[in-house]
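Structure assessment
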Amino acid sequence: KILSGMNITDSLRPQTGTINFDNQRKISHMRVSSLPTSNGEKIVISINNYKSNIKTLSKIGITPEDTQKIKTLLKSNQGIILLTGTSGSGKTTTMYAMLKEISSKAVNIISIEDPVKMKIDGIHQVEVDPDRGLTYKNAIKHTLFQDPNIICVDHLIDDEVARDIIRASITGRLIISSL
């Protein structure tokens, strides 16, 4: 809990934290989650390769025909691309592949994530932190002041966030999100 930045004296509230470490030239990202239960505190650590090879659309198993359709959608200057599926179905992997595809200095891309799972060069990634007042709603509001071409919201967590990204999409921005 200490290494992940969580409060070690608080075992009565759920908490999340992160640990980044370099292990033989592979930078890894660990997401630590604590949950108070009737049997005591339960802690889960999820390990992801951080800044490892973000796969391309073709490398994640998307057919060449569908890859071309996705690339065409990614060139849109407004609208919403919504990724859906069960937990572990590849929504985040697909989202990162899409962001990698469109990342360039000429395009202002801002992602809002909880947490940032992998760093992508050329993309401004915002990590949600409600304890600091940086909620999804607040992050979306302030992201719009940055005049982005593309906004990525990793999860549509509620109807309020969904309304905000719909409004953003009809004002000339491409939104990429998952449900």
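Report on the accompanying structure. (Residues numbered from 1 in each chain as written. Predicted model: local features only at pLDDT ≥ 70, side-chain atom pairs only at ≥ 80, totals over all residues. Heavy atoms only, no water.)

Quick notes on empty space enclosed by the protein
- According to the stated counting rule, one finds one cavity of 30 Å³ or more in the structure shown.
- When residues in the lining of the largest cavity are grouped by element, the largest group, four residues, is from helix H2 (residues 91–102).
- For the lining of the largest cavity, a count of residues per class yields four nonpolar, one polar and three charged. (1 Å grid on protein atoms, 1.4 Å probe; cavity = no way out; pocket = protein on both sides within 12 Å on 5 of 7 lines; lining within 4 Å. Points joined across faces, edges and corners; volume = space filled by probe spheres on them. Helix = DSSP H or I, 4+ residues; strand = E, 2+ residues; numbered from the N terminus. Nonpolar A, V, L, I, M, F, W, Y, C, P; charged D, E, K, R; others polar.)

A short note on the sheet that holds strand S7 (residues 150–153)
- Here five strands make up an open sheet; going across it, the order is S4-S8-S7-S5-S6 and the pairing parallel. Strands at the two margins of the open sheet, each flanked by one partner only, are strand S4 (79–83) and strand S6 (124–127). Between one strand axis and the next, the sheet turns by 15 degrees as a mean value, whatever way the strands run.
- With four bridges connecting them, strand S5 (residues 109–113) and S7 associate as parallel partners. The partner of Ser-111 across the bridge, within S7, is Cys-152.
- In the packing of helix H3 (residues 136–144) onto the sheet, contacts are made with S5, S6 and S7, and the angle to S5 comes to roughly 170 degrees. (Pairing = 2+ DSSP bridges. Axes fitted to C-alpha atoms, helices over the stretch in contact; angles between N-to-C directions. Contact = heavy atoms within 4.5 Å.)

Topic: a nonpolar patch on the surface
- Together, Ile-80, Leu-82, Ile-166, Ile-170 and Leu-179 make up a nonpolar patch on the protein surface, roughly 470 Å² of accessible area in all.
- Turning to its location among the elements, Ile-166 is positioned in helix H4 (residues 159–169).
- Since its relative accessible area comes to 44%, Ile-166 is described here as partly exposed. (Patch = residues over 30% accessible without salt bridge, like charges linked within 9 Å, V, L, I, M, F, W, Y side chains within 5 Å. Areas by Shrake-Rupley, 256 points an atom, 1.4 Å probe, with all protein chains shown as cover. Salt bridge = Lys/Arg side-chain N within 4 Å of Asp/Glu carboxyl O. Buried < 20%, exposed > 50% of the residue type's maximum accessible area, 1.4 Å probe, protein only.)

Remarks on unusual backbone geometry
- The omega angle of the peptide bond from Asp-114 to Pro-115 is -10 degrees, so this bond is cis rather than trans.
- For Pro-115, the position within the fold is in the loop between S5 and S6.
- The backbone of Asp-147 sits at a positive phi, close to 50 degrees, despite the residue not being glycine.
- Counting through the fold element by element, Asp-147 comes out in the loop between H3 and S7.
- On the basis of relative accessibility, which here comes to 54%, the residue Asp-147 falls in the exposed class.

Comments concerning the packing of H3 against H4
- For the pair H3 and H4, the least separation of the axes is 9 Å and the interaxial angle reads 15 degrees. As the angle between them shows, H3 and H4 are arranged roughly parallel. For the crossing formed where H3 meets H4, the hand is left-handed. On the side of H3, the interface is formed by Tyr-136, Lys-137, Ile-140 and Leu-144, while H4 contributes Glu-160, Val-161, Asp-164, Ile-165 and Ala-168. (Parallel < 35°, antiparallel > 145°, perpendicular 65-115°, else oblique. Left-handed = near helix turned anticlockwise from the far one by under 90°.)

Remarks on H2
- Compared with the 16 Å implied by 1.5 Å per residue over 12 residues, the 17 Å span of H2 between its first and last C-alpha is a close match.
- Buried within H2 are the following residues: Lys-91, Thr-94, Met-95, Tyr-96, Ala-97, Met-98, Leu-99 and Ile-102. (Expected span 1.5 Å × (residues − 1).)

Here we look at the side chain of Ser-169
- Relative to the helices and strands, Ser-169 resides in helix H4.
- Beyond its immediate stretch of four places on either side in the chain, Ser-169 contacts Gln-78, Gly-79, Ile-80 and Ile-175.

What to know about the nonpolar core
- Of all hydrophobic cores here, the largest spans 21 residues; its most connected members are Leu-74, Met-98, Leu-99, Ile-102 and Ile-176.
- Elements supplying a minimum of two residues to this core: helix H1 (64–74), S4, H2, S7 and strand S8 (174–178).
- Looking at this core, the element that brings in the most residues is H2, giving six residues.
- For Leu-74, the contacting residues outside a window of four places in its chain are Ile-81, Met-98, Glu-101, Ile-102, Leu-174 and Ile-176.
- Ile-140, Ile-151, Leu-156 and Ala-168 belong to the second-largest nonpolar core, a separate cluster that totals 12 residues. (Core = buried A, V, L, I, M, F, W, Y, C linked by side-chain atoms within 4.5 Å.)

Here's the deal with the side chain of Asp-154
- With respect to the secondary-structure elements, Asp-154 resides in the loop between S7 and H4.
- For Asp-154, a relative accessible area of 4% puts it in the buried group.
- For Asp-154, the residues in contact, after removing those within four places along its chain, are Met-95, Ile-112, Glu-113, Asp-114, Pro-115, Lys-117, Tyr-136, Ser-177 and Ser-178.

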